[in-house]
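Each chain is listed here by its residues.
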There are 2 protein chains.
Amino acid sequence: MEKKDESIDQIKTRVVGIDIRVDRTTFAVVDIRGEIVAQDYFLTSDYTDINEYVAALCERVVALVEENGGYETIRSVGVSAPSASAVTGCIENAANLPWKGVIPLGAMLRDQLGLAVAVANDAHITALSEKSYGSAHGMKDFVVISISHGGLGSCFFSNGQPHLGFNGFAGELGHTCVELNGRQCGCGNKGCLEAYCSEKGLIKTAEELIAASKEPTLLSEQQELSIKTIADCCYKGDKVAIEVFRKTGEILGLGMANYASVLNPEAIILTGDMTQAGKWLLKPMRASFEEHVFHNIKNKTRILVSILKEGERDVLGASALAWDVKEYSLFK
Amino acid sequence: MEKKDESIDQIKTRVVGIDIRVDRTTFAVVDIRGEIVAQDYFLTSDYTDINEYVAALCERVVALVEENGGYETIRSVGVSAPSASAVTGCIENAANLPWKGVIPLGAMLRDQLGLAVAVANDAHITALSEKSYGSAHGMKDFVVISISHGGLGSCFFSNGQPHLGFNGFAGELGHTCVELNGRQCGCGNKGCLEAYCSEKGLIKTAEELIAASKEPTLLSEQQELSIKTIADCCYKGDKVAIEVFRKTGEILGLGMANYASVLNPEAIILTGDMTQAGKWLLKPMRASFEEHVFHNIKNKTRILVSILKEGERDVLGASALAWDVKEYSLFK
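Residues numbered from 1 in each chain as written. Chains lettered and ligands numbered in written order. Predicted model: local features only at pLDDT ≥ 70, side-chain atom pairs only at ≥ 80, totals over all residues. Heavy atoms only, no water.

Caption draft 1: The domain arrangement of chain A, seen in detail. All names here are of chain A. Taken domain by domain, chain A consists of domain 1 (14-127 + 312-322) and domain 2 (135-307). Averaged C-alpha coordinates put domain 1 and domain 2 at centres separated by 28 Å. Of the roughly 650 Å² buried where domain 1 meets domain 2, counting both sides, 68% is carbon and sulfur surface. In terms of surface lost to domain 2, no three residues of domain 1 exceed His124, Ala127 and Arg313, which account for 62% of the buried area on that side. Counting every contact that joins domain 1 to domain 2 gives zero salt bridges. Counting every contact that joins domain 1 to domain 2 gives zero residue pairs in polar contact (both at pLDDT 80 or more). Among the elements that make up the side of domain 1 that touches domain 2, the one with the highest residue count is helix H3 (residues 122-133) (four residues). (Domains from an automatic or database assignment. Buried area = accessible area lost by both parts, 1.4 Å probe. Salt bridge = Lys/Arg side-chain N within 4 Å of Asp/Glu carboxyl O. Polar contact = N/O pair within 3.5 Å; in protein donor to acceptor, adjacent residues only side chain to side chain. Helix = DSSP H or I, 4+ residues; strand = E, 2+ residues; numbered from the N terminus.)

This is the structure we're talking about:
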């Protein structure tokens, strides 16, 4: 076997991606081609104290790294977290995480791991993952919309770069108004897209249509209303359930059309639990989108569903962010 | 006087900016600091044949240049035109210009002037002018909205670059839906922002409110309804006229809030005739904007009115575009 040529510098060919969500924290060692070498997780909600949380996270990351090639193979760390700022590396007043106020997560991880760390908010990371390893590969102008239980998040890329906005708060498509004086939204405003197009919004629409329905509906027999149980009723031919998704898709298509008219993206990529509803949501969404979008881009926007696995997408996106880190002391 | 050192290359310190509008074509020689050395115009509508138009334009540009420093001082040419593509240099199916179809304007001007030419659509040029010489100077993420007789156009910059979109059609804020099944818009859709927030939309609102009013109103006595005549009635205390702008401002603020929630710009800069209405429009617009924008950017977006002169802004923007041209043969 040949010896290493010591006149040539060696590069480190792995990074760590960390995906912090309200329910669980997933972390992985990822190689230069986006292959996940090893992955693990623990429950975020087990730690109400941020210092204990970071200590536990670092301990587990170190263990995973040591079992899989060792510390010296790791170049840097990328982190996805709700309400995180890429500039400061802080989680800032996250509504649903157990830790309140401004958490200097990037600096804490850097100091305890001894590695360069990059941080970004979850919507940005999802879009970066789609660009790096998913449906947006090779695209410069695209939108990713994530619809799940809690809400509707989005991020877009402009000229190949993420558009984060002046304060880092861009992408609040969920809080654009689609119905003046419409349904009350958790943000305090009325008629927000998220108030209709999230699992919570879907359930609310189901409850309204069940109450208004003169026909019997399978929805009334469900122990729990959810994307899954309502979609199951659609497959059984339940008209009210079908109408729930039709109405939701129609509103989603309108919100997406408004977004596309100002952005003219190459594609809109949908992710999150809501995409599980399949055609019941997507067909009325598409019809409404093409009806409302400005005529010069009608039938020009690709609408795609993410091809990445839900459990891997954001650790992959976080790992993609890690490759960009050049400076150890990015955060104060 | 010292001789020129011939071992040093000489740079050309002037460009030509051309602003093509439906009514008139303005062109100017502009120096490296954005000072207009000389400016002239002619009526666009005098030429229904594109070849005659381009010949006349070139003749007049050459005359202006020769009277003001000579051809050898000019580096390049920048052009602003409706429905123009920066990539192809073509005007593509402009709704209101006299020339139909796809016009290879950039290539025609380059070939006849013998200078490198850059072309961009009017909304992009207006935003570039604000960034180069106006209210957006020093900003990376900002929006410019132009409201005039015909419509409502917009362009935004992301990370310091214009966001043009995948097909170059971004910025159609005027055709985002602000009222489901609302007023018919010229684009074929209903409830578009432009159907309310343009001079045409304003007049339509005035006509509706005059018809519905039980009180006498000065608006009924106007020979012609326009931004100016309606604003004049506001200054005379006419309640219906004030309501016309209040309603228009309220809808404009909603459309701007939706835009800001997804873009999080540092500033929104308003240009065009509609800004002449002053407080009658801007006060209700601002209140509605802050009411509807997502809470984390409430009171964080600067809303400005252009400080550039209407007759100079777009030739200046076109000249700013000219500085970026490096290649003579940009267009086929």
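Caption draft 2: Local environment of the state of the cysteines. All names here are of chain B. For the coordinates displayed, the defined rule picks out zero disulfides over all chains. The structure places no disulfide on cysteine 155, whose sulfur is separated from the nearest cysteine sulfur, that of cysteine 197, by 19 Å. Cysteine 192 takes part in no disulfide bond, and the closest cysteine sulfur to it belongs to cysteine 187, at a distance of 3.7 Å. Residue classification places cysteine 192 among the buried positions, given a relative accessible area of 1%. (Disulfide = S-S within 2.5 Å. Buried < 20%, exposed > 50% of the residue type's maximum accessible area, 1.4 Å probe, protein only.)

Caption draft 3: Structural view of the interface of chain A and chain B. Contacts between the two partners involve 42 residues from chain A and, on the opposite side, 42 residues from chain B. Between chain A and chain B, a total of about 3,500 Å² is buried, with carbon and sulfur atoms accounting for 54% of that surface. Across the chain A-chain B interface, the total number found is zero salt bridges. There are 22 residue pairs in polar contact (both at pLDDT 80 or more) connecting chain A and chain B. Every element with two or more residues in the side of chain A that touches chain B is listed here: strand E9 (152-158), strand E10 (161-162), helix H6 (239-263) and helix H7 (279-292) of chain A. Sort the elements by how many residues they give to the side of chain A that touches chain B and H6 of chain A lands first, with six residues. Tallied by class, residues from the side of chain A that touches chain B come to 19 nonpolar, 17 polar and six charged. (Contact = heavy atoms within 4.5 Å. Nonpolar A, V, L, I, M, F, W, Y, C, P; charged D, E, K, R; others polar.)

Caption draft 4: Seen up close, the relation of the copies chain A and chain B. Between the two copies, chain A and chain B, the superposition gives an RMSD of 0.0 Å; the rotation angle is 180° and the shift along the axis is 0.0 Å. Expressed as a symmetry operation, the mapping of one chain copy onto the other fits a two-fold axis. (Least-squares fit on C-alpha atoms with pLDDT ≥ 70 in both.)

Caption draft 5: Looking closely at the sheet that holds strand E9 (residues 152-158) of chain B. All names here are of chain B. Here five strands make up an open sheet; going across it, the order is E10-E9-E8-E11-E12 and the pairing mixed. Of all the strands in the sheet, just strand E10 (161-162) and strand E12 (302-305) have a single pairing partner and so form its edges. Examined bridge by bridge, strand E8 (residues 142-147) and E9 share six bridges and lie antiparallel to one another. Bridge pairing in E9 links isoleucine 147 to leucine 152. (Pairing = 2+ DSSP bridges.)

Caption draft 6: Highlighting the sheet that holds strand E3 (residues 36-43) of chain A. All names here are of chain A. The five strands lie next to each other as E3-E2-E1-E4-E7, forming an open sheet whose pairing is mixed. Each edge of the open sheet carries a strand with a single partner, namely E3 and strand E7 (116-121). Averaged over all adjacent pairs, the angle separating strand axes in this sheet is 15°, with direction ignored. Two elements, strand E1 (residues 14-20) and strand E4 (residues 74-81), share five bridges in a ladder whose sense is parallel. Paired with arginine 14 across the strands is isoleucine 74, a residue of E4. (Axes fitted to C-alpha atoms, helices over the stretch in contact; angles between N-to-C directions.)

Caption draft 7: Expanded view of the packing of aromatic side chains. Overall, the coordinates contain 17 aromatic pairs over all chains when judged by the stated rule. Ring centres 6.2 Å apart and planes at 70° place the aromatic pair tyrosine 47 of chain A and tyrosine 53 of chain A in the edge-to-face group. Across this residue pair, the class does not change: tyrosine 47 of chain A and tyrosine 53 of chain A are buried. Taking the centre distance of 4.4 Å and the plane angle of 40° together, the rings of tyrosine 53 of chain B and tryptophan 99 of chain B count as tilted. Here the residue tyrosine 53 of chain B occupies a position in helix H1 (residues 50-67), and tryptophan 99 of chain B occupies one in the loop between strand E5 (91-92) and strand E6 (102-103), the gap between them amounting to 46 residues. (Phe/Tyr/Trp six-rings, centres within 6.5 Å; stacked < 30°, edge-to-face > 60°.)

Caption draft 8: Looking closely at unusual backbone geometry. Residues and elements named next belong to chain A. Phi at asparagine 264 takes a positive value of approximately 45°, unusual for a residue other than glycine. A relative accessible area of 0% means that asparagine 264 is categorised as buried. A positive phi angle, close to 60°, is found at asparagine 299, a residue other than glycine. Structurally, asparagine 299 is set in the loop between H7 and strand E12 (302-305). Residue asparagine 299 is classed as exposed on the basis of its relative accessible area, which comes to 63%.

Caption draft 9: Summary view of helix H8 (residues 310-322) of chain A. For H8 of chain A, the tally of buried residues reaches 10 of 13 residues, placing the bulk of the element in the interior. Burial in H8 of chain A covers these residues: Arg313, Asp314, Val315, Leu316, Gly317, Ala318, Ser319, Ala320, Leu321 and Ala322 of chain A.

Caption draft 10: Expanded view of the nonpolar core. Among the nonpolar cores identified, the biggest contains 102 residues, and Ile145 and Phe245 of chain A together with Ile145 and Phe245 of chain B are the most heavily contacted of them. Non-local contacts of phenylalanine 245 of chain A, meaning those with residues more than four positions away in its chain, are made with Leu202, Ile227, Ile230, Ala231, Cys234, Met274, Ala277, Trp280, Leu281 and Pro284 of chain A. (Core = buried A, V, L, I, M, F, W, Y, C linked by side-chain atoms within 4.5 Å.)

Caption draft 11: Region of the structure containing the packing of H3 of chain A against H8 of chain A. Residue and element names in this part refer to chain A. Where H3 meets H8, the closest approach of the two axes is 7 Å, and the angle between their N-to-C directions is 85°. In terms of their interaxial angle, H3 and H8 are classed as roughly perpendicular. Contacts between H3 and H8 involve His124, Ile125, Thr126, Leu128, Ser129, Glu130, Ser132 and Tyr133 from the former and Arg313, Asp314, Leu316, Gly317, Ala318, Ser319, Ala320 and Leu321 from the latter. Its residues placed into classes, the contact of H3 with H8 shows seven nonpolar, six polar and three charged. (Parallel < 35°, antiparallel > 145°, perpendicular 65-115°, else oblique.)

Caption draft 12: Structural detail: the pairing of E9 of chain B. Residue and element names in this part refer to chain B. Of all seven residues in E9, six are buried, a share of seventy percent or more. Hairpin connection between E8 and E9: a loop of four residues separates the two successive antiparallel strands. Sheet topology places E9 next to E10; two bridges connect them, and they run antiparallel. Bridge pairing links phenylalanine 157 to proline 162 in E10. Here E9 folds back onto E10 in antiparallel fashion, the turn holding two residues, of which asparagine 159 has a positive phi close to 50°.

Caption draft 13: Spotlight on the packing of helix H6 (residues 239-263) of chain B against helix H7 (residues 279-292) of chain B. Residues and elements named next belong to chain B. As a packed pair, H6 and H7 sit with axes 7 Å apart at the nearest point and diverge in direction by 40°. Relative to H7, H6 is oriented oblique. Relative to H7, the crossing made by H6 is right-handed. For the pair H6 and H7, the contacting residues are Ile242, Phe245, Arg246, Thr248, Gly249, Glu250, Leu252, Gly253, Leu254, Met256, Ala257 and Ala260 in the first and Trp280, Leu281, Pro284, Met285, Ser288, Phe289 and His292 in the second. The residue makeup of the contact of H6 with H7, split by class, is 12 nonpolar, five polar and two charged. (Left-handed = near helix turned anticlockwise from the far one by under 90°.)

Caption draft 14: Structural context of the side chain of threonine 301 of chain A. All names here are of chain A. Tracing the sequence through the fold places threonine 301 in the loop between H7 and E12. Using a relative accessible area of 2% as the deciding quantity, one classes threonine 301 as buried. The residues contacting threonine 301, other than those within four sequence positions of it, are Pro265, Glu266, Ala267, Ile268, Arg286 and Phe289.

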